[in-house]
Structures are given as structure tokens and as C-alpha cells.
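The primary structure of each chain is shown beneath.
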Amino acid sequence: MTTMFRSSADLFADLNRMQTLLDQVFPTGRSSIRSSGAGFPVLNVGTTPGSVEIQALAPGLDPSKLEITVDRGLLVIAGERQTELPPAGERTSVYANERFSGKFRRVVSLPEDADPARVQANYRDGVLRISVAKRESSLPRRIEVN
């Protein structure tokens with residue numbers, strides 16, 4: 001007997017795959033975090049009074065192979081994570097492979113007050129931290145009264 005209902009995990013996985021395919025074919029241009037490569041690395045994005053802070057949770061990367069660019073208000077994080085699985089062969093079987101490997105690219109829309117000339121990036125303990133300073137003209141300043 002076949003069942004008419006699928007588990008919610010299967011349904012959401014199918015919906016995510018469909019959304020990814022639709023985003024690739026019909027880019028919407030929404031100003032938000034855009035991803036490809038199965039959402040790797042996972043991003044945290046926030047602001048402080050003086051900067052935009054991005055944290056990419058990306059264990060197992062070679063920092064020298066990361067490419068970070070800023071162009072027309074978009075911060076792009078690209079690279080590749082090598083697989084640690086042995087090559088397929090007679091004596092090798094893989095029962096589960098949930099770790100992402102391959103090329104990835106993440107794009108973050110920066111706010112207008114971000115200064116693309118003042119970007120710092122550090123990679124340590126599997127976390128890529130990127131700080132984009134805000135323009136001096138957008139920061140609050142105290143005006144002295146004479």
C-alpha cells in the first residue's frame with residue numbers, strides 16, 4: 001500500500017531544491033542575502049554603529065583559496081571546499097554525505113553607507129569574519145557650540 005503523505009522533512013527539502021532552481025533560472029534581484037552552492041557557508045550579518053559585520057561559518061577551508069570582492073554594493077564570498085571522501089572504487093562505499101564540498105559563492109547586499117575601500121577579513125577556527133567600515137560622512141558626530 002502506498003501512502004499519500006510525505007514527511008515534512010522531505011517536503012521542505014523538495015521545496016528548498018525547487019526554490020534554488022527557480023532562483024538560478026529567474027533571479028529576482030531582491031536586496032537580501034543571496035546564495036548558491038547549497039547555502040554554504042552559513043552567514044550571520046549585522047551592523048554596529050561603525051561597521052557592517054559578516055561571519056561565515058566555513059570549517060575546512062584553505063584561506064588562501066578564498067576570494068572576497070566588493071563591487072557596486074555587493075560583497076561576494078567565493079571559494080571551494082575539497083571533499084575528504086576517498087575516491088569511489090571497489091572497496092569504497094559512502095552511506096551518508098551531508099558535508100558540502102565543491103565550489104561556493106555567497107553574495108551580501110551592503111547598505112549604502114558601507115565603505116567598500118575599508119574592508120577587513122580574517123579566517124580563524126573555521127570562521128571567516130569580514131568587517132566593512134561605514135563611511136565617515138554617515139557616522140554621527142558631535143558639533144561644538146561656540
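The notes below deal with the structure included here. The structure displayed is predicted, hence computed values, not measured ones.

### Structural notes on the overall build of the protein chain
Scanning the protein chain from N- to C-terminus turns up 1 helix and 8 strands. When the elements of the protein chain are put in sequence order from the N terminus, they spell out α-β-β-β-β-β-β-β-β. Burial analysis of the protein chain (146 residues in total) assigns 23% to the buried set. Of the contacts made within the protein chain by residues no fewer than 6 positions apart, 53% connect residues no fewer than 24 positions apart. For the protein chain, the exposed area adds up to about 11,400 Å²; of that, 53% sits on carbon and sulfur atoms.

### A word on the pattern of salt bridges
A side chain with one charge can pair with a side chain of the opposite charge if their charged atoms come near. Summed over all chains, the structure comprises 4 salt bridges. Arg118 is the salt-bridge partner of Glu136, the closest N and O atoms lying 3.3 Å from each other. Taken together, the residues Glu136 in the segment after strand S8 (127–134) and Arg118 in strand S7 (residues 114–124) connect sequence positions 18 residues apart. The residue Arg124 makes a salt bridge to Asp125 at a minimum N-O spacing of 3.8 Å. Arg124 sits in the exposed class, given a relative accessible area of 62%. Each of Asp115, Arg118 and Glu136 takes part in one network of salt bridges that share partners.

### Observations regarding the packing of aromatic side chains
Think of a pair of aromatic rings as described by two things: how far the centres are apart, and how the planes are tilted against each other in angle. By the definition in use, this model includes 1 aromatic pair. An angle of 85° between the planes, with centres 5.2 Å apart, marks the rings of Phe40 and Phe104 as edge-to-face. Residue Phe40 is found in the loop between strand S1 (34–36) and strand S2 (42–47), and its partner Phe104 is found in strand S6 (residues 102–109); the two are separated by 64 residues along the sequence. The same class applies to Phe40 and to Phe104, which are both buried.

### Some details on the sheet that holds S7
Judged by pairing direction, the sheet is antiparallel, and its 4 strands sit side by side in the order S2-S3-S8-S7 without closing on themselves. Of all strands in the sheet, those with a lone pairing partner are S2 and S7, marking the two edges. Across the sheet, the mean angle from the axis of one strand to that of its neighbour is 15°, orientation sign disregarded. Where S2 lies against strand S3 (residues 51–57), 6 bridges are found, and the strand directions are antiparallel.

About the cut-offs
- Residues numbered from 1 in each chain as written.
- Predicted model: local features only at pLDDT ≥ 70, side-chain atom pairs only at ≥ 80, totals over all residues.
- Heavy atoms only, no water.
- Helix = DSSP H or I, 4+ residues; strand = E, 2+ residues; numbered from the N terminus.
- Buried < 20%, exposed > 50% of the residue type's maximum accessible area, 1.4 Å probe, protein only.
- Contact = heavy atoms within 4.5 Å.
- Areas by Shrake-Rupley, 256 points an atom, 1.4 Å probe, with all protein chains shown as cover.
- Salt bridge = Lys/Arg side-chain N within 4 Å of Asp/Glu carboxyl O.
- Phe/Tyr/Trp six-rings, centres within 6.5 Å; stacked < 30°, edge-to-face > 60°.
- Pairing = 2+ DSSP bridges.
- Axes fitted to C-alpha atoms, helices over the stretch in contact; angles between N-to-C directions.

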